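Summary of structural features
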Amino acid sequence: MRRVRYERSGGPEVLFLEEVPVPEPGPGELLVRVEAVGVTLPVVRKVREPRAPIALGGEVAGAVVALGEGVTGYAPGGRVTGLVFGHGYGDYALVNTAMVSLVPDGASPVDAVALVRSGLVAYGALEAARPAPGESALVTAAASGVGHLAVQLARLKGASRVVAAVSDPGKADFVRGLGADDVVTYDQETWGEPVDYVLDAVGGDLLAPAVRALAPHGRLVAYSSGGGTVAAYDLLVGAKSVIGFQMGLIARGRPELYEAWRRELWELHAAGRLRVAVHDMFPLEDAAKAHAVIEGRGNRGKVVLVP
């Protein structure tokens, strides 16, 4: 089987394709023939980190080939999607059943990787903000794989005004088409009228303006891998709060909640109320091109690899 790997940190150019044996599933695992892989910013960032190389994981969808010891509820040929912490950029992947779910009839594997994991992060970050009907929201990285779903979910959860923050004004029409009322770019001096909550997927230098965008008693949910710091005084003067959100903690610690969110996402998608946008699909051998799109922040929706 083919697999994408890297041996030194760097940009997309360090990725290469290799031939390796098809793995065998261990206890609690499924062997999945991969049909789609979701490319995420956290994985792209990890390739650049000055550290030992990691296995390229992420969201995968495909057909079950074999079951590991003790696995029940799945059968060869079943269509599934899930999160892979090991090697996911390949023709086959091992997926732990704790992180997998069935793909509904009529949904494509591309729909699955674009909706489930990114949608769960968007849904969970929104829930962490404790939104009340009629409140206003701002979403950073609003054109991203997670952000474009967060914009729609904020509206579905009753936001009276949704502001989309993007890196490029050329993305304005895209995010307005998702339901954003206003669009701001990161380099603007202010981000318009204050909002009740911010869903931040960027972090770093954008944390400070994101906090300034909050109204008194506003909440910022940070779910980015970009780090950053917030001055305590900036929170005190407006009685603002910053809330961290991490999807893995929900998946491991509250699997019933994880499953309930997953079911609702599929129901919203099936009803046509939550639209998945796919920016582009790349063959596995062009993983470097997919990473370059993410690094360049040019995507409008999800970037997907198709083995």
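This write-up is about the structure you can find in this document. None of the values given here were measured: they were computed from a predicted structure.

What follows concerns the overall build of the protein chain. Scanning the protein chain from N- to C-terminus turns up nine helices and 15 strands. For 307 residues, the compact-globule formula gives about 19 Å, and the C-alpha radius of gyration of the protein chain, at 19 Å, lands near that figure. Here the protein chain holds 307 residues, and the buried ones make up 52% of them. A sequence separation of at least 24 residues applies to 64% of the contacts in the protein chain between residues at least 6 apart. Approximately 13000 Å² of the protein chain is accessible, and the part contributed by carbon and sulfur atoms is 53%. The distance from the centre of the 30 positive side-chain charges to the centre of the 34 negative ones in the protein chain is 2 Å.

Another point: the side chain of Arg117. Tracing the backbone shows Arg117 in helix α2 (residues 109-128). Non-local contacts of Arg117, meaning those with residues more than four positions away in its chain, are made with Glu59, Leu83, Met99, Met247, Gly248 and Tyr258.

The subject of this paragraph is the layout of surface pockets. What the second largest pocket holds in volume is close to 190 Å³. For the second largest pocket, the lining is made up of 17 residues, of which Val84, Gly86, His87, Ala93 and Leu94 are closest to its centre. Every element with two or more residues in the lining of the second largest pocket is listed here: β5 (79-84) and β6 (92-96). Top element by residues in the lining of the second largest pocket is β6. It accounts for five residues. Per-class residue counts for the lining of the second largest pocket are 12 nonpolar, three polar and two charged.

Opposite charge on two side chains permits them to pair, given that their charged atoms come into close proximity. Here the structure, examined in full by the defined rule, presents 16 salt bridges. Across the pair Arg2 and Glu285 runs a salt bridge whose closest N-O atoms are separated by 3.1 Å. Of this pair, Arg2 sits in strand β1 (residues 2-5) while Glu285 sits in the loop between β14 (278-283) and α9 (287-295), and the two are 283 residues apart along the sequence. Arg2 sits in the partly exposed class, given a relative accessible area of 21%. According to the relative accessible area criterion, Glu285 is partly exposed, its value standing at 47%. The residue Glu35 makes a salt bridge to Arg33 at a minimum N-O spacing of 4.0 Å. By relative accessible area, which is 27% here, Glu35 ends up partly exposed.

Before going further, it helps to examine the nonpolar core. Judged by nonpolar contacts, the single largest core of 77 residues is most densely connected at Val175, Leu199 and Phe245. In terms of residue count, the dominant contributor to this core is α2 (13 residues). In this structure, Phe245 is in contact with Val121, Gly124, Ala125, Ala128, Val221, Ala222, Tyr223, Ile250 and Trp261, ignoring residues within four places of it in sequence. Tyr6, Val64, Val100 and Val293 belong to the second-largest nonpolar core, a separate cluster that totals 30 residues.

Moving on, we get to the pairing of strand β11 (residues 195-200). When you tally the buried positions in β11, you get five out of six residues, the bulk of the element. Pairing of strand β8 (residues 136-139) with β11 involves three bridges; the strand directions are parallel. Following the sheet pairing, Ala137 is matched in β11 by Tyr197. Pairing geometry for β11 and strand β12 (residues 214-222), over five bridges, is parallel. Counted as the bridge partner of Asp200 is Ala222 from β12. For the crossover that starts at β11, traverses helix α5 (residues 207-212) and ends in the parallel β12, the hand is right-handed.

With a phi angle near 55°, Arg130 is a residue other than glycine that sits in the positive phi range. Within the fold, Arg130 resides in the loop between α2 and β8. Accessibility expressed as a relative area gives 52% for Arg130, which makes it exposed. At Arg297, a residue that is not glycine, the phi angle is positive and equals roughly 55°. Its place among the elements puts Arg297 in the loop between α9 and β15 (302-306). Using a relative accessible area of 30% as the deciding quantity, one classes Arg297 as partly exposed.

Quick notes on the rules
- Residues numbered from 1 in each chain as written.
- Predicted model: local features only at pLDDT ≥ 70, side-chain atom pairs only at ≥ 80, totals over all residues.
- Heavy atoms only, no water.
- Helix = DSSP H or I, 4+ residues; strand = E, 2+ residues; numbered from the N terminus.
- Rg over C-alpha atoms; globule rule 2.2 N^0.38 Å.
- Buried < 20%, exposed > 50% of the residue type's maximum accessible area, 1.4 Å probe, protein only.
- Contact = heavy atoms within 4.5 Å.
- Areas by Shrake-Rupley, 256 points an atom, 1.4 Å probe, with all protein chains shown as cover.
- Lys, Arg positive; Asp, Glu negative; His and termini not counted.
- Charge placed at Lys NZ, Arg CZ, Asp CG, Glu CD.
- 1 Å grid on protein atoms, 1.4 Å probe; cavity = no way out; pocket = protein on both sides within 12 Å on 5 of 7 lines; lining within 4 Å.
- Points joined across faces, edges and corners; volume = space filled by probe spheres on them.
- Nonpolar A, V, L, I, M, F, W, Y, C, P; charged D, E, K, R; others polar.
- Salt bridge = Lys/Arg side-chain N within 4 Å of Asp/Glu carboxyl O.
- Core = buried A, V, L, I, M, F, W, Y, C linked by side-chain atoms within 4.5 Å.
- Pairing = 2+ DSSP bridges.
- Right-handed = clockwise from strand over helix to strand, strands pointing away.

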